[in-house]
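# Overview (structure and organization)
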Amino acid sequence: MSQIKTKTLLSGKISGTKRVLITGATGLIGRYAVAQLINAGFDVLAVSRSGCGASGISLDVHDSDALNVFMRREQPEYLLHLAWNVEPGFYTSTDNLDWVVSSLNLLKIFTENGGKRAVFAGTCCEYDMSYGFLQEDVTPMKPDSLYGTAKLSLYQLASSWAAKMNLSFAWGRIFFLYGKNERRERIVPYIIDSLLEGKKPELKYPFILRDYTYAEDVARGIAALLMSDFNGAVNISSGQAVALCDIAKRAALLMNCPVPEYEEVYDENMPPLVVGDCRRLNHAIGFTPSVSWEEGLSEVIEERRKRI
């Protein structure tokens, strides 16, 4: 059980039992989203390619025949689509194109079998990140990767489909996140593992500022979005930016390690600041992230220590 103390997930349980299909249920966000929606009173169909243990279901989102059989049998009213390829190199992977096609097919089959509301996971990479402060209805869309382009294209196509079919549809633009059970290549576990090994974490651009949110908070935010009646895009972010070198320093202090020092290095092609405007998340959805950096890092440090 997590030691993090958080606010109540949602304002009470839902009225009656509603069935929700969650794809990517074993992922960094999915595993928390499953627990949050069960707690909120949903009948959860947690699916992934490999299944999710005793309570999970093995289902390949790319398998149209299997999807049709599954949807006809289970007829979920809600859909939370988190599945995507996020293996190393995913920013430029041609798998992104396959995910656009399969995600649209998933939405179509869901709608044709009585689905009422869908929420898909988007990304801050859809924006022109050179603007720094990213707002849903203000900042231009200008992705600089195949991943960001694929997500933006999916949002536009899925929104058009939903409007045509009178389907309630929302899009959670997830910013940077961290949490337990991440791959070492990701920035926060890399920093912690380096410190545990007595090494200084090497940071290429230590002073760039990024909007990081603890994975459990991201899951609660996107669950709150699913529970709402909001249609359109919502930033799932903390609204606060932190320098990568400050993450390393905070982790070192929590671990009683020597605090690393860094020289300022910048690249004109690397946005110095990326932070999300989270006012829509706070006010329209009624959700505010509540896990502090000290709490989140402590959780991850404890988990990484067990790996050493």
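Reading the values: the criteria
Residues numbered from 1 in each chain as written. Predicted model: local features only at pLDDT ≥ 70, side-chain atom pairs only at ≥ 80, totals over all residues. Heavy atoms only, no water. Axes fitted to C-alpha atoms, helices over the stretch in contact; angles between N-to-C directions. Helix = DSSP H or I, 4+ residues; strand = E, 2+ residues; numbered from the N terminus. Parallel < 35°, antiparallel > 145°, perpendicular 65-115°, else oblique. Left-handed = near helix turned anticlockwise from the far one by under 90°. Contact = heavy atoms within 4.5 Å. Nonpolar A, V, L, I, M, F, W, Y, C, P; charged D, E, K, R; others polar. Pairing = 2+ DSSP bridges. Salt bridge = Lys/Arg side-chain N within 4 Å of Asp/Glu carboxyl O. Buried < 20%, exposed > 50% of the residue type's maximum accessible area, 1.4 Å probe, protein only. Phe/Tyr/Trp six-rings, centres within 6.5 Å; stacked < 30°, edge-to-face > 60°. Lys NZ or Arg CZ within 6 Å of the ring centre and 35° of its normal. Polar contact = N/O pair within 3.5 Å; in protein donor to acceptor, adjacent residues only side chain to side chain. Right-handed = clockwise from strand over helix to strand, strands pointing away. pLDDT = per-residue confidence, 0-100.

### As for the packing of helix H5 (residues 187-196) against helix H7 (residues 244-254)
In contact at an axis separation of 10 Å, H5 and H7 are set at 45 degrees when each is read in the N-to-C sense. Between H5 and H7, the angle is such that the two are oblique. Judged by the sense of rotation from one axis to the other, the crossing of H5 with H7 is right-handed. Each of Val 188, Ile 191, Ile 192 and Leu 195 in H5 lies in contact with H7, whose residues at this interface are Leu 244, Ile 247, Ala 248, Ala 251 and Ala 252. Within the contact of H5 with H7, the residues separate by chemical class into nine nonpolar, no polar and no charged.

### Quick notes on the pairing of strand S13 (residues 273-276)
In this structure, strand S6 (residues 133-134) lies alongside S13, joined through two bridges in parallel fashion. Bridging across to S13, Phe 133 finds its partner in Val 275. Sheet topology note: the strand S9 (residues 209-210)/S13 ladder contains two bridges and is parallel. Paired with Arg 210 across the strands is Val 274, a residue of S13.

### A short note on the sheet that holds S13
Working definition: the strands of a sheet are paired by backbone hydrogen bonds and lie parallel or antiparallel to each other. As summarised here, the arrangement of the four strands in space is S6-S13-S9-S12, forming an open sheet in which the pairing is mixed. Single-partner strands in this sheet number two, and they are S6 and strand S12 (242-243).

### Points about the environment of Phe 70
Along the chain, Phe 70 falls in helix H2 (residues 64-74). As a C-alpha pair, Phe 70 and Phe 110 span 40 residues in sequence and 9.8 Å in three-dimensional space. With near-sequence residues (within four places) excluded, Phe 70 lies in contact with Leu 21, Leu 45, Val 47, Ile 57, Leu 59 and Gln 75.

### Overview of the pattern of salt bridges
In total, this model carries 18 salt bridges according to the counting rule given. The shortest N-O distance in the salt bridge between Arg 173 and Glu 126 comes to 2.9 Å. Taken together, the residues Arg 173 in strand S7 (residues 168-174) and Glu 126 in the loop between strand S5 (117-123) and S6 connect sequence positions 47 residues apart. Per residue, the accessibility class of Arg 173 equals that of Glu 126, and both read buried. One salt bridge connects Glu 197 with Arg 184, and the closest N-O pair in it is separated by 3.0 Å. Placement of Glu 197 in the loop between H5 and S9 and of Arg 184 in the loop between strand S8 (176-178) and H5 is noted, with a sequence separation of 13 residues between them. What makes Glu 197 partly exposed here is its relative accessible area of 35%. In this structure Arg 184 comes out as partly exposed when scored by relative accessible area, which is 33%.

### As for the packing of aromatic side chains
Think of a pair of aromatic rings as described by two things: how far the centres are apart, and how the planes are tilted against each other in angle. In this structure the tally under the stated criterion is 14 aromatic pairs. Taken together, a centroid distance of 5.7 Å and an interplanar angle of 25 degrees make the contact between Trp 84 and Trp 99 stacked. Taken as a pair, Trp 84 in the loop between strand S4 (78-81) and helix H3 (95-112) and Trp 99 in helix H3 lie far apart in primary sequence, 15 residues in all. Residue classification places Trp 99 among the buried residues on the basis of a relative accessible area of 8%. Note on Phe 120 and Phe 169: the rings are 5.3 Å apart at their centroids and 75 degrees apart in plane angle, and the pair reads as edge-to-face. Of this pair, Phe 120 sits in strand S5 while Phe 169 sits in strand S7, and the two are 49 residues apart along the sequence. In this structure, Phe 120 and Phe 169 share a single accessibility class: buried. An aromatic cluster of at least three residues, connected via ring pairs, comprises Phe 176, Tyr 178, Tyr 212, Tyr 214 and Trp 293. Across the ring face of Tyr 262, the terminal group of Lys 200 is positioned such that the distance to the ring centre comes to 4.7 Å.

### Considering the side chain of Ser 145
Of note, Ser 145 is situated in the loop between S6 and helix H4 (146-165). Accessibility expressed as a relative area gives 11% for Ser 145, which makes it buried. A polar contact is formed between the side chain of Ser 145 and the backbone nitrogen of Gly 148, at a distance of 3.0 Å.

### Description of the pairing of S4
The side-chain alternation of S4 yields two buried faces, one formed by Tyr 78 and Leu 80 and the other by Leu 79 and His 81. Relative to S4, strand S1 (residues 18-23) runs parallel, the two sharing four bridges. Pairing of Thr 23 across the sheet is with His 81, part of S4. Sheet analysis places S4 next to S5, joined by four bridges and oriented parallel. Of the residues in S5, the one forming a bridge with Tyr 78 is Arg 117. The β-α-β motif built from S4, the intervening H3 and the parallel element S5 has right-handed crossover chirality.

### A word on the confidence of the model for the protein chain
Mean pLDDT over the protein chain works out to 92, with 93% of the residues at or above the 70 mark. Below a pLDDT of 50 lies the segment residues 1-14, which in the model reaches 28 contacts outside its immediate sequence neighbourhood of four places, other chains included.

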